[in-house]
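A closer look at the structure
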Amino acid sequence: MIRTDSRETSAALDPNRGPVAVIDIGSNSIKLLVAARASDGSIVELCRGVEETRIGTGITENPPRLRPDAMDRAVASIRALLCRAAAFEPVHIAAVATSAVRDAVNGREFAERVQAETLLDLSILAGREEARLIGRGIACDPAMRGAKAFYLFDLGGGSLEVLAFREGDVVGLASLQLGCVRVTERFVPSPAAPLDADAEERVRAHVRATLAESGFAFELPADTSAVVTGGTATTFRAIEAASRGRRFEEVSPEITLNDLGAFARRLCAMDLAARAAIPGLPAARADVFPAALVTLHEAALTAGVAVMRHSLYNLRYGLAAELLDAR
């Protein structure tokens, strides 16, 4: 089921630059952003959409391979999102794929199929390029203007991107195989059951070990804050909004480590049916959401941050900004 959201904006758009569209093929979902440049130089979102396609199913197999049914779903999702984008007459459409397609032995075969069936040239991003575009995207967030130093976590289905910013520059980045689909397949024996303490500790130990092995150094000042992007944080905030009977935008973007940990404990104690019934939690994410919360919580613990600010400015914004600048 496609979920879309079109934005009404009062911003004056740059008449010399038409809108652009970005389709981001992640391991868990495929997302659309249609954006334009405002006269003041900012990025304006015109439309967004998401399909929970789970192309990364089975990505932990040896060798990692995209399954035929997952590729079928993905192509159908791309077509649906292209139809949604067409209403805005974008002057350029870019499609990128990240962790699952990047790692799969038949990733190139999938890219060729996308080109043959949708006429889109699909770029498969290397991990560092994905992280760089996420950094470019966060620079578009008005709330981050003037931020001196912060960490950025972007948790997806296949990977976790970690970046460190100082004075507006990226001073450290890593793309790690800690996505929630990947971690669930590897460490959660029964996603339909509650996540027991042993499985949770295996996830946490794997997160700590992966961060240590990556060479990424959390060396910013001790009181450094963090920004978080990606579906896990967006879903956490959507659940919070639904529980309070508020719109998403009315809920604070700040996520404390204490609140995240408490919610993770509550959710891990639920079975799949109970999770899927939580307002704001898409049923298609309910199986991987416990591992996602635990992974994000442990990453923040390792970084030593107490509060993370959620941002919707992500890889898609970074790529949209580059497309708009190129025109």
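Residues numbered from 1 in each chain as written. Predicted model: local features only at pLDDT ≥ 70, side-chain atom pairs only at ≥ 80, totals over all residues. Heavy atoms only, no water.

**Let's talk about the overall build of the protein**
Helix and strand counts for the protein stand at 11 helices and 12 strands. A principal-axis box enclosing the C-alpha atoms of the protein has dimensions of 55 × 45 × 40 Å. Looking at the protein residue by residue over its 327 residues, the buried ones come to 54%. Of all intrachain contacts in the protein linking residues separated by at least 6 positions in sequence, the fraction that spans at least 24 positions is 72%. Of note, the protein has its 37 positive side-chain charges centred 1 Å away from the centre of its 42 negative side-chain charges. (Helix = DSSP H or I, 4+ residues; strand = E, 2+ residues; numbered from the N terminus. Buried < 20%, exposed > 50% of the residue type's maximum accessible area, 1.4 Å probe, protein only. Contact = heavy atoms within 4.5 Å. Lys, Arg positive; Asp, Glu negative; His and termini not counted. Charge placed at Lys NZ, Arg CZ, Asp CG, Glu CD.)

**As for the sheet that holds strand E7 (residues 149-155)**
Across the sheet, six strands lie side by side as E9-E8-E7-E10-E12-E11; this open sheet has mixed pairing. What marks the edges here is a single partner per strand, and that holds for strand E9 (169-176) and strand E11 (254-256). Averaged over neighbouring strand pairs, the angle between their axes works out to 25 degrees when direction is ignored. (Pairing = 2+ DSSP bridges. Axes fitted to C-alpha atoms, helices over the stretch in contact; angles between N-to-C directions.)

**Side note on the side chain of Glu-298**
Mapping Glu-298 onto the fold places it in helix H10 (residues 289-303). We classify Glu-298 as buried; its relative accessible area is 6%. Other than its neighbours up to four places away in sequence, Glu-298 contacts Arg-204, Val-207 and Arg-208.

**Side note on the nonpolar core**
Counting 49 residues, the largest nonpolar core has Tyr-151, Phe-153, Leu-267, Phe-289, Leu-293 and Met-308 as its most contacted members. Sort the elements by how many residues they give to this core and H10 lands first, with nine residues. In contact with Tyr-151, not counting residues within four places along its chain, are Leu-163, Ala-164, Phe-216, Phe-218, Glu-219, Leu-220, Thr-224, Ser-225, Ala-226, Val-227, Ala-303 and Val-305. Counting residues in each nonpolar core, the second largest holds 32 residues, with Ile-23, Leu-32, Ile-55 and Ala-85 among its members. (Core = buried A, V, L, I, M, F, W, Y, C linked by side-chain atoms within 4.5 Å.)

**A closer look at the pairing of strand E5 (residues 92-97)**
Looking at chain direction, strand E2 (residues 20-25) and E5 are connected through six bridges and run parallel. Residue Ile-25 lies in a different strand from E5, and its bridge partner there is Ala-97. Bridge analysis of E5 against strand E6 (residues 122-124) gives three bridges, and the strand direction is parallel. Bridge assignment links Ala-97 to a residue of E6, and that residue is Ile-124.

**Regarding unusual backbone geometry**
Here the bond from Asn-62 into Pro-63 is cis, since omega is 0 degrees, no more than 30 degrees from zero. Mapped onto the secondary structure, Pro-63 falls in the loop between strand E4 (43-51) and helix H1 (68-86). The phi dihedral of Glu-89 is positive, around 50 degrees, even though this residue is not glycine. For Glu-89, a relative accessible area of 64% gives the class exposed. Positive phi is not limited to glycine here, since Leu-119 has a value of about 70 degrees. As for its placement among the helices and strands, Leu-119 is situated in the loop between helix H3 (107-118) and E6. Using a relative accessible area of 70% as the deciding quantity, one classes Leu-119 as exposed.

**Examining the packing of helix H8 (residues 257-268) against H10**
Between H8 and H10, the least distance of the axes is 9 Å, while the angle of their chain directions is 150 degrees. Considered as vectors, H8 and H10 are oriented roughly antiparallel to each other. Crossing handedness for the pair H8 and H10: left-handed. Contacts between H8 and H10 involve Leu-257, Leu-260, Gly-261, Phe-263, Ala-264, Leu-267 and Cys-268 from the first element and Phe-289, Pro-290, Leu-293, Val-294, Leu-296, His-297, Ala-300 and Leu-301 from the second. A class-by-class count of the residues in the contact of H8 with H10 yields 13 nonpolar, two polar and no charged. (Parallel < 35°, antiparallel > 145°, perpendicular 65-115°, else oblique. Left-handed = near helix turned anticlockwise from the far one by under 90°. Nonpolar A, V, L, I, M, F, W, Y, C, P; charged D, E, K, R; others polar.)

**Re the pattern of salt bridges**
Counted by the stated rule, this structure contains 24 salt bridges. For Arg-73, the salt bridge goes to Asp-69, with nearest N and O atoms at 3.4 Å. Separated by four residues within a single helix, Arg-73 and Asp-69 lie in helix H1, roughly one turn from each other. For Asp-69, a relative accessible area of 44% gives the class partly exposed. As a salt-bridge pair, Glu-322 and Arg-132 come within 2.8 Å of each other at their nearest N and O atoms. With Glu-322 in helix H11 (residues 315-325) and Arg-132 in helix H4 (residues 127-138), the pair connects residues that are 190 residues apart, well separated along the chain. (Salt bridge = Lys/Arg side-chain N within 4 Å of Asp/Glu carboxyl O.)

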